[in-house]
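The chain contents come next:
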Amino acid sequence: MQPEFIIIHQQVAPYVAHIQLNRPKELNALNLQLMGELRDALKLLDADEQVRAIVLSGNEKAFAAGADIKQMAEKSAIDMFNTDQFSTWDTIKRTKKPIIAAVSGFALGGGCELMMLCDMIVASETARFGQPEIKLGVMPGAGGTQRLTRAVGKALAMEMVLTGRFITAQEAQQAGLINRVVPVELFLQEAIKLAGEVAAMAPLAVKMAKEAVLKAFDTTLDEGLHFERKNFYLLFASSDQKEGMQAFMEKRTPDFKGQ
């Protein structure tokens, strides 16, 4: 069934797919249907051998301006619990292939939280980031208090979460929230370029390296180092390790197969 609120571009560069959030009139507000479509698309791309990296974008005006408030305004606590909307987010989090967010305009509330589920972020000069849920009488619920704090530190996270203040792309880069800032006309192109650089690497090594970096956020240093070493050793069972090292010695470009 064709998705209604996302557009999938299979090959925007070699081994790179692009998913565009597509509710422009609502500034890509994240309703349950959109998130379900995104979850399903990511599962398919994660299993596709012709895809090694994924770009996720909105449009120039908004990556996503938050959750769809109309869908939640009259809900009770039990309604929200039974809906279990965050199980979709948990599935997205388990995507093994790298996801690069291309952000322009607003990335607010759930939009900022979705962006932080991605592995790298390229932003336009017009990008604005925030967790303004406090202004609606609630608080972030999809990782805004946790991932934001880990990215920018306690002081700035507290200010953003407790006052709802937006920060600029330049502030976000200085705080370590995003990778780079580019002119608005280049934000998607630069994200695809970055994804292409990742996609040119050995696919198994990329997956295992991503897994190890993410492990640093939920384990001790010793446990993380142990996990890292196991993945490092395991890659010596791959054909790509043999190809990569042989190509290095032969001074040629490696031909990685993901095996």
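For clarity, every value in this text was computed on a predicted model and none was experimentally measured.

## Here we look at the side chain of S124
No. 1: One can find S124 in strand β7 (residues 120-124).
No. 2: Excluding its chain neighbours within four sequence positions, the residues that come into contact with S124 are V103, S104, G105, A169, V181, V182, V184 and F187.

## Comments concerning the nonpolar core
No. 1: Core analysis: the biggest nonpolar cluster contains 45 residues, and V103, L114, M115, F129 and L177 have the highest contact counts within it.
No. 2: The element best represented in this core is helix α1 (residues 32-46), accounting for six residues.
No. 3: Those residues in contact with M115 that lie beyond four places of it in its chain are F63, A101, V103, A107, I121, F129 and L177.
No. 4: Among the nonpolar cores identified, the runner-up in size contains 17 residues, and M120, L194, A195 and V198 belong to it.

## Overview of the sheet that holds strand β4 (residues 62-64)
No. 1: Pairing in this open sheet of four strands is mixed, and the strands run β4-β6-β8-β9 from one edge to the other. Strands at the two margins of the open sheet, each flanked by one partner only, are β4 and β9 (167-168).
No. 2: As defined by bridge partners, β4 adjoins strand β6 (residues 106-108) across two bridges and the pair is classed as parallel. Opposite A64, over in β6, you have A107 as the bridge partner.
No. 3: Contacting β4, β6 and β8 (128-130), helix α5 (residues 110-117) runs over the sheet at an angle of about 90° to β6.

## Some details on the packing of aromatic side chains
Given two aromatic rings, their pairing is described by the distance between the two centres and the angle made by the two planes.
No. 1: All chains considered together, the criterion is met by three aromatic pairs.
No. 2: Aromatic rings pair up to connect F232, Y233 and F236 into one cluster.
No. 3: Above the plane of the ring of Y15 lies R52, whose end atom (NZ or CZ) is 3.8 Å from the centre.
No. 4: Over the ring of F166 we find K135; its NZ or CZ atom is 5.9 Å from the centre of that ring.

## Considerations on the domain arrangement of the chain
No. 1: Here the chain is partitioned into domain 1 (6-200) and domain 2 (203-250).
No. 2: On a C-alpha basis, the centroid separation for the pair domain 1 and domain 2 is 26 Å.
No. 3: Residue-level contacts link eight residues of domain 1 with six residues of domain 2.
No. 4: In total, domain 1 and domain 2 occlude about 660 Å² of area from one another, counting both sides; carbon and sulfur atoms represent 62% of this.

## Let's talk about the pairing of β7
No. 1: Among the five residues of β7, five are classified as buried, and the element is accordingly described as predominantly covered.
No. 2: The alternating pattern of β7 places M120, V122 and S124 on one face and I121 and A123 on the opposite face, and all of these are buried.
No. 3: In this structure, strand β5 (residues 99-103) lies alongside β7, joined through four bridges in parallel fashion. Residue pairing in the sheet places A102 in a bridge with V122 of β7.
No. 4: As defined by bridge partners, β7 adjoins strand β10 (residues 180-182) across three bridges and the pair is classed as parallel. Opposite S124, over in β10, you have V182 as the bridge partner.

## As for helix α4 (residues 86-93)
No. 1: Along α4, the positions that sit buried rather than exposed are T88, W89 and I92. End-on, the buried residues of α4 take up no more than an arc of 100°, which puts them together on one face.

## Considering the pattern of salt bridges
No. 1: For the structure shown, the criterion picks out eight salt bridges.
No. 2: The shortest N-O distance in the salt bridge between E26 and R23 comes to 3.8 Å.
No. 3: Classification of E26 by relative accessible area gives partly exposed; the value is 37%.
No. 4: On the basis of relative accessible area, R23 is assigned to the buried category, the value being 8%.
No. 5: Measuring nitrogen to oxygen at the nearest pair gives 2.6 Å for the salt bridge that ties R252 to E250.
No. 6: Taking relative accessible area as the criterion, R252 reaches 34% and is therefore assigned partly exposed.
No. 7: Judged by relative accessible area, which is 43%, E250 ranks as partly exposed.

## Notes on empty space enclosed by the protein
No. 1: Tallied over the entire structure, the rule returns one cavity of 30 Å³ or more.
No. 2: Taken as a whole, the largest cavity encloses approximately 30 Å³ of empty space.
No. 3: Around the largest cavity sit L42, L56, I92, I99, L114, L117 and C118, which together line it.
No. 4: Looking at the lining of the largest cavity residue by residue, the classes come out as seven nonpolar, no polar and no charged.

Cut-offs applied
Residues numbered from 1 in each chain as written. Predicted model: local features only at pLDDT ≥ 70, side-chain atom pairs only at ≥ 80, totals over all residues. Heavy atoms only, no water. Helix = DSSP H or I, 4+ residues; strand = E, 2+ residues; numbered from the N terminus. Contact = heavy atoms within 4.5 Å. Core = buried A, V, L, I, M, F, W, Y, C linked by side-chain atoms within 4.5 Å. Buried < 20%, exposed > 50% of the residue type's maximum accessible area, 1.4 Å probe, protein only. Pairing = 2+ DSSP bridges. Axes fitted to C-alpha atoms, helices over the stretch in contact; angles between N-to-C directions. Phe/Tyr/Trp six-rings, centres within 6.5 Å; stacked < 30°, edge-to-face > 60°. Lys NZ or Arg CZ within 6 Å of the ring centre and 35° of its normal. Domains from an automatic or database assignment. Buried area = accessible area lost by both parts, 1.4 Å probe. Arc of directions from axis to C-beta. Salt bridge = Lys/Arg side-chain N within 4 Å of Asp/Glu carboxyl O. 1 Å grid on protein atoms, 1.4 Å probe; cavity = no way out; pocket = protein on both sides within 12 Å on 5 of 7 lines; lining within 4 Å. Points joined across faces, edges and corners; volume = space filled by probe spheres on them. Nonpolar A, V, L, I, M, F, W, Y, C, P; charged D, E, K, R; others polar.

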